[in-house]
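Notes for the structure review
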Amino acid sequence: MNLFQLRLTDATGLGGIAVAVSALLVIGFGRAWSRSVRWWVGGGLAGLLVLVPIGSLPAAGYLRGFTGDLSVTTVVVVLSALAARGGARSERRRSDRLALKVCLGAVALLLYPLALGAGPFDPYRLGYDSPWLLGAWWVVALAAWFFRRPLLAGCVAAAVLAWAVRGYESTNLWDYLIDPFVALYALGGLLGWSVVRVVAAVRGREGRETRSGPIAAQPS
Amino acid sequence: MSAPRGGRRSTLLLCFIVAAFTVAAIARLRPLPPAAFTTVSAGPTPGAGPRFRTDFVSARPSVQSHAVSVVELGDGRIRAFWYSGTEEGAVDVTIQTAVFDPVAGRWGPERAIATPEAAQSELWRYVKKVGNPSVGRAADDSLKLFYVTVSVGGWSGSSINAMTSHDDGYTWSRAERIITTPFFNLSTLAKGPPFNYSDGTLSLPVYEEFMGKFGELLRLGPDDRLIDKTRLSFGRSGLQPIVLVQGPERATAFLRHSGPHDADQLLRVETDDAGRHWSPPASASLPNADTAMAGLVLPDGRLLIAFNSSAGNRTALSLAVSADGGYHWKVVYALEDQSGPQSEGLDRAHFRAVVARLARASDATVQVTDTTLASVERLMGSPQGYSFEFSYPSLIRTRGGEFHLVYTWNRAFLKHVEFNQAWLDARLAEVP
């Protein structure tokens, strides 16, 4: 392993994986730690994953063989979760995450089947240089900012900027915006949110029926 | 609806959004200008008499050799690339290369130019195995070698990598990964050779075989960056496209048929606008039992193709010519034909005898030993008996007008066939 032969796009790819994995480990195991300790431990773990070789590769390189480069969105989402852990779970933050999940969930349902050959149209192709795709994401980012959804707006802007400066190996904008992990996070989150809403609605209706039933049955 | 408040964070976020999209619009929004195909110069047609000879590129025992790709070098020699190892997909498989000297009429020693270990080190990620090389010459005269690597699973987990050589294959750049799909970059493979556009970009025919089976064209800029890709087909029936460029705007592509076996025919698509649009896949009126093919455009505009002509297997390999752009074909010569009633499930003694006879007929210099025969037996045997396979051809026409065809010979060796236009014309004259 010769770090002097590391290309910029290899460094960003390995770094993205190391940061995301470290942040997830800290989120999982460091619930009781203070914010500064979480950041120091997370940074140290990320450094180990990139810099310490196991055989001919750093540990992050083995993961990269399976995962590919993570999208900028995945890295931002994980880091924002790390930053928010222990903080107040406000309604606004939940709405912000929900907006991100709705947007990414819709993209995942359209992009993956068509890009993998479900039809003649390939939306992935638009990611190389389409002004329409960039314009659409510009509208999404501005709308997210206007409606105070900073996580969605920030993820989109960070992904677009990383694509603009060729931060990863990929030349395709989609790879900076979404990957299967964040797609799974979005779709799983939406499914969970839907189940909670349905259960709450059913319980609410049962509660109303329970309350109204005996009253209706009372003899006049 | 609540309007955004003008807090400092909100203003900074808006500035970030504007800056990111402005940089992207300036740096990346450069739509590709229309470019024409670069047609290959027909070159002279030597006035010599018919010429046809065969030999083995590689007859190394105890390894499987497969998926060859050939290119002409600057000095007129031929360089072949293929993969070999104990068996297809094994971790000891390497990408090999060797050079054929047409004056001396023999192949030089082979050497490995890509291994899983080297690819892993150059790509900075885990690599389990390597496979399918495809070679071509870029507009700047460098050689471009594409090959696949797999980190997890079988061939459907393949990703494509590119290497460049500025000295005709003696030294190579580090491998670079090409990202072609949004789903873990899985399942893009190459087989057919790349071709050039008039603007200096290169197009590589590739195929996907994860959820769908379809062909695509990758368009690569001078720095090997992927700048566009186009679908040649969709669905679950087309693999391993080859593109035959017939003019600046016109090309015909053929795809291996990998769909339902009641329609085992080669697939054909065409373009009249330099690849911006392709016709829907249609039958090319040639049998194709899920096997790869190779082809080129002859100087007079006819198409020449090498394909498996046997029904349902790879026991016969033939040359066919089409005068109408690939709609109708004439089979002009059977390069190999073991497609008789006993083409499969042969007993060992009979198989060994036929292999020994065919090997000696293919290359008079090859020593057919027990080791040689055991190598072929190991690869072509099954509980049902032994069978033959002649497959995965690669075909080029040199600037001097000679044709070089190399293909997998019973999975063990690579056979090289050299012929000229006079020989081909003589075969055409024999066909009614």
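About the cut-offs
- Residues numbered from 1 in each chain as written.
- Chains lettered and ligands numbered in written order.
- Predicted model: local features only at pLDDT ≥ 70, side-chain atom pairs only at ≥ 80, totals over all residues.
- Heavy atoms only, no water.
- Helix = DSSP H or I, 4+ residues; strand = E, 2+ residues; numbered from the N terminus.
- Buried < 20%, exposed > 50% of the residue type's maximum accessible area, 1.4 Å probe, protein only.
- Contact = heavy atoms within 4.5 Å.
- Areas by Shrake-Rupley, 256 points an atom, 1.4 Å probe, with all protein chains shown as cover.
- Core = buried A, V, L, I, M, F, W, Y, C linked by side-chain atoms within 4.5 Å.
- Salt bridge = Lys/Arg side-chain N within 4 Å of Asp/Glu carboxyl O.
- Pairing = 2+ DSSP bridges.
- Axes fitted to C-alpha atoms, helices over the stretch in contact; angles between N-to-C directions.
- Buried area = accessible area lost by both parts, 1.4 Å probe.
- Polar contact = N/O pair within 3.5 Å; in protein donor to acceptor, adjacent residues only side chain to side chain.
- Phe/Tyr/Trp six-rings, centres within 6.5 Å; stacked < 30°, edge-to-face > 60°.
- Lys NZ or Arg CZ within 6 Å of the ring centre and 35° of its normal.
- pLDDT = per-residue confidence, 0-100.

With that settled, consider the overall build of chain B. Of the regular secondary structure elements, chain B holds five helices and 28 strands. Overall, chain B is about 85 × 45 × 45 Å in size when its C-alpha atoms are taken along their principal axes. Burial statistics for chain B: of 432 residues in total, 60% are counted as buried. Considering only residue pairs separated by 6 or more positions, chain B has 51% of its internal contacts joining residues 24 or more positions apart. Accessible surface computed for chain B: about 16400 Å², of which carbon and sulfur atoms make up 55%.

This part takes up the nonpolar core. Counting 99 residues, the largest nonpolar core has A:Trp137, A:Ile178 and B:Ile160 as the members making the most contacts within it. The dominant element in this core, judged by the number of residues it contributes, is helix α7 (residues 150-164) of chain A, at twelve residues. Sequence-distant contacts of A:Trp137, that is, excluding residues within four places in its chain, are made with A:Cys103, A:Val107, A:Val156, A:Leu173, A:Trp174, A:Leu177 and B:Phe21. In this structure, B:Leu317, B:Val332, B:Leu346 and B:Tyr407 belong to the second largest nonpolar core, which totals 40 residues.

A word on the pattern of salt bridges. Taken as a whole and assessed by the stated rule, the structure comprises 35 salt bridges over all chains. A salt bridge links B:Arg348 to B:Glu377, with the nearest nitrogen and oxygen atoms 2.8 Å apart. Within this pair, whereas B:Arg348 is found in helix α3 (residues 348-362), its partner B:Glu377 is found in helix α4 (residues 370-380), the two being separated by 29 residues in sequence. Overall, the relative accessible area of 45% leaves B:Arg348 in the partly exposed class. One continuous salt-bridge network, built from bridges that share partners, spans A:Arg7, A:Asp10, A:Arg64, A:Asp69, A:Glu169 and B:Arg125.

Once that is clear, we can look at the sheet that holds strand β7 (residues 129-137) of chain B. Pairing between sheet strands relies on hydrogen bonds along the backbone, with the strands arranged either parallel or antiparallel. Residues and elements named next belong to chain B. In space, the four strands of this open sheet follow the order β7-β8-β9-β10, with antiparallel pairing throughout. Sheet topology places β7 and β10 (176-178) at the edges, where each strand pairs with a single neighbour. For this sheet the average axis-to-axis angle between neighbouring strands, irrespective of direction, equals 30 degrees. Sheet topology note: the strand β8 (residues 143-150)/strand β9 (residues 158-165) ladder contains eight bridges and is antiparallel. Each bridged residue has a counterpart across the sheet, and for Leu 145 the counterpart in β9 is Met 163.

This brings us to the interface of chain B and chain A. Much of the literature gives interface size as the accessible area that the parts lose upon coming together. Counting residues at the interface gives 54 residues for chain B, matched by 62 residues for chain A. Counting each side, the surface lost to burial between chain B and chain A is near 5400 Å², with a carbon and sulfur contribution of 65%. By the criterion of area lost to chain A, the three top residues of chain B are B:Phe21, B:Arg28 and B:Trp124, representing 18% of everything that side buries. Put simply, chain B and chain A have four salt bridges between them. The salt bridge partner of A:Arg125 is B:Asp228, with a shortest N-O separation of 2.9 Å. Taken together, the connections running from chain B to chain A amount to 19 residue pairs in polar contact (both at pLDDT 80 or more).

Turning to the environment of B:Pro393, a few remarks are in order. Residues and elements named next belong to chain B. Relative to the helices and strands, Pro 393 resides in strand β26 (residues 390-397). For Pro 393 and Thr 408, which are 15 residues apart along the polypeptide, the C-alpha to C-alpha distance reads 6.9 Å. The residues contacting Pro 393, other than those within four sequence positions of it, are Lys 191, Ala 292, Met 293, Ala 294, Ala 306, Leu 317, Leu 405, Val 406 and Tyr 407.

Right, let's talk about the packing of aromatic side chains for a bit. Residue and element names in this part refer to chain B. Following the criterion strictly, the structure yields 29 aromatic pairs over all chains and no others. One aromatic cluster in this structure is built from Phe 56, Phe 351, Tyr 386, Phe 388, Phe 390, Trp 409 and Phe 413. Between Arg 79 and the ring centre of Tyr 170, over which it is positioned, the NZ or CZ distance is 4.9 Å. Here Arg 219 stacks its cationic end above the ring of Tyr 197, 4.1 Å away from the centre of that ring.

Bringing the sheet that holds strand β23 (residues 330-337) of chain B into the picture now. All names here are of chain B. Reading across the sheet, the four strands line up as β20-β21-β22-β23 and stay open at both edges, with antiparallel pairing between neighbours. Single-partner strands in this sheet number two, and they are β20 (294-297) and β23. Strand-to-strand twist in this sheet, taken as the mean axis angle between neighbours without regard to direction, amounts to 15 degrees. Along the sheet, helix α5 (residues 421-430) contacts β21 (303-308), β22 (316-322) and β23; its crossing angle with β23, the most-contacted strand, is approximately 110 degrees.

Moving on, we get to unusual backbone geometry. Residue and element names in this part refer to chain B. Even without a glycine there, the phi angle at Asp 168 is positive, about 60 degrees. For Asp 168, the location among the structural elements is in the loop between β9 and β10. Residue Asn 410 is not a glycine yet carries a positive backbone phi of 55 degrees. For Asn 410, the location among the structural elements is in the loop between β27 (403-409) and β28 (413-419).

Right, let's talk about the confidence of the model for chain B for a bit. Overall, the prediction assigns chain B a mean pLDDT of 92, with 97% of residues at 70 or greater. What the predictor reports for the complex is a pTM of 0.92 with an ipTM of 0.91.

We now examine the confidence of the model for chain A. Model confidence for chain A is summarised by a mean pLDDT of 90, while 94% of its residues fall at 70 or above. Between the elements of chain A, mean pLDDT differs from a low of 85, seen in helix α9 (residues 180-217) of chain A, to a high of 98, seen in helix α8 (residues 173-177) of chain A.

Right, let's talk about the environment of A:Ala118 for a bit. All names here are of chain A. Among the structural elements, Ala 118 can be located in the loop between α5 (91-115) and α6 (131-146). Residue Ala 118 is classed as exposed on the basis of its relative accessible area, which comes to 58%. In this structure, the C-alpha to C-alpha distance between Ala 118 and Val 37, residues 81 residues apart in sequence, is 47 Å.

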